[in-house]
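Examination of the molecular architecture
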Amino acid sequence: DGGITQSPKYLFRKEGQNVTLSCEQNLNHDAMYWYRQDPGQGLRLIYYSQIVNDFQKGDIAEGYSVSREKKESFPLTVTSAQKNPTAFYLCASSIWGAGETQYFGPGTRLLVL
Amino acid sequence: SQQGEEDPQALSIQEGENATMNCSYKTSINNLQWYRQNSGRGLVHLILIRSNEREKHSGRLRVTLDTSKKSSSLLITASRAADTASYFCATFDRGSTLGRLYFGRGTQLTVWP
């Protein structure tokens, strides 16, 4: 089955802790994206990557970090610098080009203990 | 903000009725896309309309685009309870080299049996 997966489904973070959200795709897509979704605010772009070993900050990158060492994988780390991390995190991928359709994973809900 | 704005924020109708959602945006676009999100899930792409198109159909979905008014509408005909979800528009800016989409805050559609 081709698709995009995220894990875990739920993640709990303690104060001062870094946590990493996983995103994997087998669609052979070049571009991958991370969004944060809060109630009533829609989707906000955190980071995106056009190709392996390259990524750009989105609108709310502070307190987050990413890596893109493999085409299939784009993990997101929520660092202790992110003071309000409770949200629903969505990963997406697409063919690289002019506003191509994005394919989304099922999401990870991050909660703070 | 470059985000699109959906209107209304919430819509409640009976099964069999038509549902119309609107999206307004501020920039010149290359294309506009509509996505659907069931509660607690990832987004699913519904339809893409390019700036040189005025109307597009897909099954019970009809999308229109008026670039002079910078607006789009999504019509779902003969709604079903299974259409209950949030619907988002996303725009891709004309001339952008970054490939990113800008998502609105969504319309929450509830279809009552």
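Residues numbered from 1 in each chain as written. Chains lettered and ligands numbered in written order. Predicted model: local features only at pLDDT ≥ 70, side-chain atom pairs only at ≥ 80, totals over all residues. Heavy atoms only, no water.

1. A closer look at the pattern of salt bridges
Using the following cut-off: We define a salt bridge as a contact between a side-chain nitrogen of Lys or Arg and a carboxyl oxygen of Asp or Glu at a distance within 4 Å. Secondary structure elements follow DSSP: runs of H or I no shorter than four residues count as helices, runs of E no shorter than two count as strands, and numbering proceeds from the N terminus. Classification of residues uses two cut-offs on accessible area relative to the type maximum, computed with a 1.4 Å probe and protein chains only: under 20% is buried, over 50% is exposed, and between them is partly exposed.
Inspection of every chain in the model, using the stated rule, returns 8 salt bridges over all chains. As a salt-bridge pair, K71(A) and D30(A) come within 3.5 Å of each other at their nearest N and O atoms. Taken together, the residues span a long stretch of sequence, with K71(A) in the loop between β7 (64-66) and β8 (76-78) and D30(A) in the loop between β3 (19-25) and β4 (31-37) at a distance of 41 residues. In this structure, the salt-bridge partner of K56(B) is E53(B), at a minimum N-O distance of 3.9 Å. For K56(B), a relative accessible area of 29% puts it in the partly exposed group.

2. So, the sheet that holds strand β6 (residues 55-58) of chain B
Residue and element names in this part refer to chain B. Our working rule: Strands are treated as partners if at least two bridges between them are detected by DSSP. For every element, the axis is a line fit to its C-alpha atoms; helices are fit only across the contacting stretch, and the angle between N-to-C directions ranges from 0 to 180 degrees.
Judged by pairing direction, the sheet is antiparallel, and its 5 strands sit side by side in the order β1-β3-β8-β7-β6 without closing on themselves. Two strands close off the open sheet at either side, each with one partner strand: β1 (5-7) and β6. Averaged over all pairs of adjacent strands, the angle between their axes in this sheet comes to 20°, without regard to strand direction. Relative to strand β3 (residues 19-24), β1 runs antiparallel, the two sharing 3 bridges. Counted as the bridge partner of E5 is S24 from β3.

3. Comments concerning the pairing of strand β11 (residues 107-112) of chain B
Residue and element names in this part refer to chain B. Residues T107, L109 and V111 line the buried face of β11, whereas the alternating positions Q108, T110 and W112 sit on a face that is not buried. As defined by bridge partners, strand β2 (residues 10-14) adjoins β11 across 5 bridges and the pair is classed as parallel. When the sheet's bridge partners are listed, A10 is paired in β11 with Q108. In this sheet, β11 lies alongside strand β9 (residues 85-93) in antiparallel orientation, the contact comprising 3 bridges. Bridge assignment links Y87 to a residue of β11, and that residue is T107.

4. Here we look at the sheet that holds strand β1 (residues 4-7) of chain A
Residues and elements named next belong to chain A. Reading across from one edge, β1-β3-β8-β7 is the order of the 4 strands in this open sheet, with antiparallel pairing throughout. Every other strand in the sheet has two partners, leaving β1 and β7 as the edge strands with one partner each. Along the sheet, successive strands turn relative to each other by an average axial angle of 20°, direction set aside. Where β1 and β3 come together, 4 bridges link them in antiparallel fashion. Note that in β3 the partner of T5 across the bridge is E24.

Geometry only, nothing functional implied.
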